[in-house]
Amino acid sequence: MNTHNLRDMGCGTSSSTKSKCSEDALKAALIIQNWYRGYRARLKTRQRYALTIFQSIEYADEQSQLQLSNFFTFMLENHIHIHEKDPELVNRLFGYTPQDNKDRLEYVGLIDVPDSYRGPRLQFPLTFTDIDLLIEAFKEQQILHAYYVLEVLFETRKVLKQMPNFNHVKTAPSKEITICGDLHGKLEDLFLIFYKNGLPSGNNSYIFNGDFVDRGKNSIEILMILFVSFLVYPNDVYLNRGNHEDLLMNMRYGFTKEVLSKYKIHGNKILQLLEEVYPWLPVGTIIDNEILIIHGGISESTDLSLLHRIERNKMKSVLMPPLPVHENPATDLKKSKVGTLRGFRTTSGSLSEHLAKHEWEQVVDILWSDPRGKRGCYPNTCRGGGCYFGPDVTSKILSKYQLKMLIRSHECKHDGYEICHDGKVITVFSASNYYEEGSNRGAYIKMSFGSAPRFLQYQVTEATCLRPLYQRVNAMESSAIRVLKERMISRKTDLINAFQLQDRKKSGKLSMGQWAFSMENILGLNLPWRSLSSHLVTIDKDGNTDYMSSFHDIHIEKPVKEVQSALIETLYRYRSDLQIIFNVIDTDHSGLISMEEFHSMWKLFSSHYHVHFEDCQVDELAERMDLNKDGSIDFNEFLKAFTVVHKFDKLDKSDTTLA
């Protein structure tokens, strides 16, 4: 059989046929490639929208936290009986407590470690062996005994008191230093960093740039590992204060609850001692006189010379502005009922035991500020504290102090780090999966003298490999929409009023623009509402929204059916604030407050937060809260009754897309 016959039978191909097949294959490959690129781009867009939702709500919560600190000031100014009735409360919020007043014997001396205790036993003075011992114990989910926790805190405070406000660190071409950002109680991230990068030692220095605690479930374990490492290697482990190393932040974001849950007997002692450890943490580190490392950022008025000199231990809570001290509080009291509180004098006499206001503002800026691309320095409206600083401000401050770079943390970044301001500002964030599994990588930085920073990324996962991207994005955006809907239901009455104000025809429908305007006007989250609308509201064929459908699949359980919805929504919206307020008032930690205290605090709260309801509604609510009619309210238990119910929790997640 010849070649011609083979071709006739389809067993051979001409050069033109080969060429055509190649072209078709190339076209098909390009079509698949373009489709996949578009698919990936849509997934990334959905991921970015979900991350934006999480961040917007996180920053709005921080605004609420700062508003809460303003409330405590307002409370002291307007509640004349507080100082007379409970001066300890005034001291706790605003007063200065001498940092040596916690007696070690009183705290630790009466605590026994029983023979039955199977957790790690630390040996003082601490050595490298204790670091290793702690890590292995925590990997086995063991709890360090309260005796050792308190001993570590006392030792840490003693050594921190000898540290300057800024650590000054030297590197060499052969000696690198590792810089870690926020860990937020995510112990697996710290384990992974140590696995990849080695444990702290004299030849392996670390800087941990604040926010060790809150949000994650293992904050106390992280704190113990970092403090023990610091005690073993005080010249090689550097700890900067973050905005979450703050007792009021801990009340809202979980660390207080974690400590009291893990240490039911001695938890309050641990928290009280932590209040004295936090203020002694240095506020920053400077590497080779060239690189400034602080938790948040700077402002146009940042004065590093002043920050080197301030008495940082006077700043118990960054969220509490200093109150002026009058020379004669007794005289002031005759003039004004506010005088007793604002004129509160400490035991030291006429000298203020607080930072001056301009000093306090300096610390707030370096712990709370964020960089932005826009020039200038302007209020940080998202967080409610600190400022936004532009590239010109960065250049000005770095130039003023002969510095080359600012490394900061404070913001979750998708890749674990971000470079901005022409390479002069680096953000590093070390808590991977911060909002949801797959939401972000963690990263740390390696630096040595004369070398560019090296970035090492990672992502903790329980599986042997990460789930496919589309599954991670589906889970992340589903969680984000859930959180956003909870935000919406907490403002249901306000949203309906805003919708109805726009709906002049009383049709129950609004244009997309009207709906989006109302959502932003009430919630103030600066979100892409049009892009998110398909998840939040029913849209008809003409593009109009059925605005009441926003609330069809979610509602707040009413623990008291007879109370109007607006009051229930208000209690749900401010439940974290109210819980902190009443826990602060509950100085004996009984978990109970009297009806009189409830009424008094509610009046101040409603006045400051501009929420007004008829007294009979609040009275009825208070009576219902007093379950056993003994005149006291278990407020924490009551607040747990306000839960959001999602009607369609088990919807097919594949139908949930943000783009």
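Predicted model only: the values in this text are computed from it and were never measured. (Residues numbered from 1 in each chain as written. Predicted model: local features only at pLDDT ≥ 70, side-chain atom pairs only at ≥ 80, totals over all residues. Heavy atoms only, no water.)

1. Some thoughts on the overall build of the protein chain
Part 1 of the argument: A count of helices and strands for the protein chain gives 26 helices and 21 strands.
Part 2 of the argument: A total of 659 residues make up the protein chain; the buried ones form 53% of that total.
Part 3 of the argument: Taking contacts inside the protein chain between residues at least 6 apart in sequence as the whole, the part at least 24 apart equals 74%. (Helix = DSSP H or I, 4+ residues; strand = E, 2+ residues; numbered from the N terminus. Buried < 20%, exposed > 50% of the residue type's maximum accessible area, 1.4 Å probe, protein only. Contact = heavy atoms within 4.5 Å.)

2. Brief notes about the sheet that holds strand E7 (residues 370–371)
Part 1 of the argument: Taken together, 3 strands build an open sheet; the order of strands is E7-E9-E8 and the sheet is mixed. Every other strand in the sheet has two partners, leaving E7 and strand E8 (377–379) as the edge strands with one partner each.
Part 2 of the argument: Direction of pairing for E7 relative to strand E9 (residues 387–389): parallel, over a ladder of 2 bridges. Bridge pairing in E9 places proline 371 opposite phenylalanine 389. (Pairing = 2+ DSSP bridges.)

3. Notes on helix H24 (residues 595–609)
Part 1 of the argument: Under the 1.5 Å per step criterion, the end-to-end length of H24 is 21 Å for 15 residues, consistent within 8% with the ideal 21 Å.
Part 2 of the argument: Those residues of H24 lying buried are Met595, Phe598, Met601, Trp602, Leu604, Phe605, Ser606, His608 and Tyr609.
Part 3 of the argument: Just beyond H24, the residue with positive phi is histidine 610, at close to 60°. (Expected span 1.5 Å × (residues − 1).)

4. Some thoughts on the sheet that holds strand E15 (residues 509–510)
Part 1 of the argument: In space, the 3 strands of this open sheet follow the order E15-E17-E16, with antiparallel pairing throughout. The open sheet is flanked by E15 and strand E16 (538–539), the only strands paired with a single partner.
Part 2 of the argument: Strand direction decides the pairing type here: E16 and strand E17 (residues 545–546), joined by 2 bridges, are antiparallel. Opposite isoleucine 539, over in E17, you have threonine 545 as the bridge partner.

5. Side note on the pairing of strand E2 (residues 177–180)
Part 1 of the argument: Side chains Ile177 and Ile179 of E2 all project onto a buried face; the interleaved residues Thr178 and Cys180 project onto the opposite face, where all are buried too.
Part 2 of the argument: Note that E2 and strand E3 (residues 205–208) share 4 bridges and pair parallel. Counterpart to cysteine 180 in the pairing with E3 is phenylalanine 208.
Part 3 of the argument: In terms of handedness, the path from E2 via helix H8 (residues 187–197) over to E3 forms a crossover that is right-handed.
Part 4 of the argument: Judged from the 4 bridges that link them, E2 and strand E13 (residues 442–447) form a sheet pairing that is antiparallel. In the sheet register, threonine 178 faces E13, and the bridge partner there is lysine 446. (Right-handed = clockwise from strand over helix to strand, strands pointing away.)

6. Considerations on the environment of valine 159
Part 1 of the argument: For valine 159, the location among the structural elements is in helix H7 (residues 146–160).
Part 2 of the argument: Residue valine 159 is classed as buried on the basis of its relative accessible area, which comes to 18%.
Part 3 of the argument: Taking the C-alpha atoms as reference, valine 159 lies 9.3 Å from tryptophan 280; in sequence the two are 121 residues apart.

7. Digging into the side chain of asparagine 209
Part 1 of the argument: In this structure, asparagine 209 sits in the loop between E3 and helix H9 (219–232).
Part 2 of the argument: Here asparagine 209 falls in the buried class, since its relative accessible area comes to 0%.
Part 3 of the argument: Looking at asparagine 209, its side chain comes within polar contact range of the side chain of asparagine 240, at 3.0 Å.
Part 4 of the argument: What asparagine 209 contacts, discounting residues up to four positions off in sequence, is Cys180, Asn240, Ile293, Ile294, His295, Ile407, Arg408 and Ser409. (Polar contact = N/O pair within 3.5 Å; in protein donor to acceptor, adjacent residues only side chain to side chain.)

8. Details of the pattern of salt bridges
Oppositely charged side chains are able to pair whenever their charged atoms sit close together.
Part 1 of the argument: Applying the stated rule across the entire model yields 31 salt bridges.
Part 2 of the argument: The shortest N-O distance in the salt bridge between glutamate 418 and lysine 413 comes to 3.1 Å.
Part 3 of the argument: When its relative accessible area of 34% is taken as the criterion, glutamate 418 is described as partly exposed.
Part 4 of the argument: On the basis of relative accessibility, which here comes to 13%, the residue lysine 413 falls in the buried class.
Part 5 of the argument: Of the charged contacts in the structure, one is a salt bridge between aspartate 494 and arginine 491, with a shortest N-O distance of 2.9 Å.
Part 6 of the argument: For aspartate 494, a relative accessible area of 27% translates into the label partly exposed.
Part 7 of the argument: You can call arginine 491 partly exposed: its relative accessible area is 21%.
Part 8 of the argument: Taken together, the shared-partner salt bridges in this structure form one network comprising Glu62, Asp370, Arg372, Arg383, Arg408, Glu411, Lys413 and Glu418. (Salt bridge = Lys/Arg side-chain N within 4 Å of Asp/Glu carboxyl O.)

Treat this as a map of the structure, not an account of what it does.
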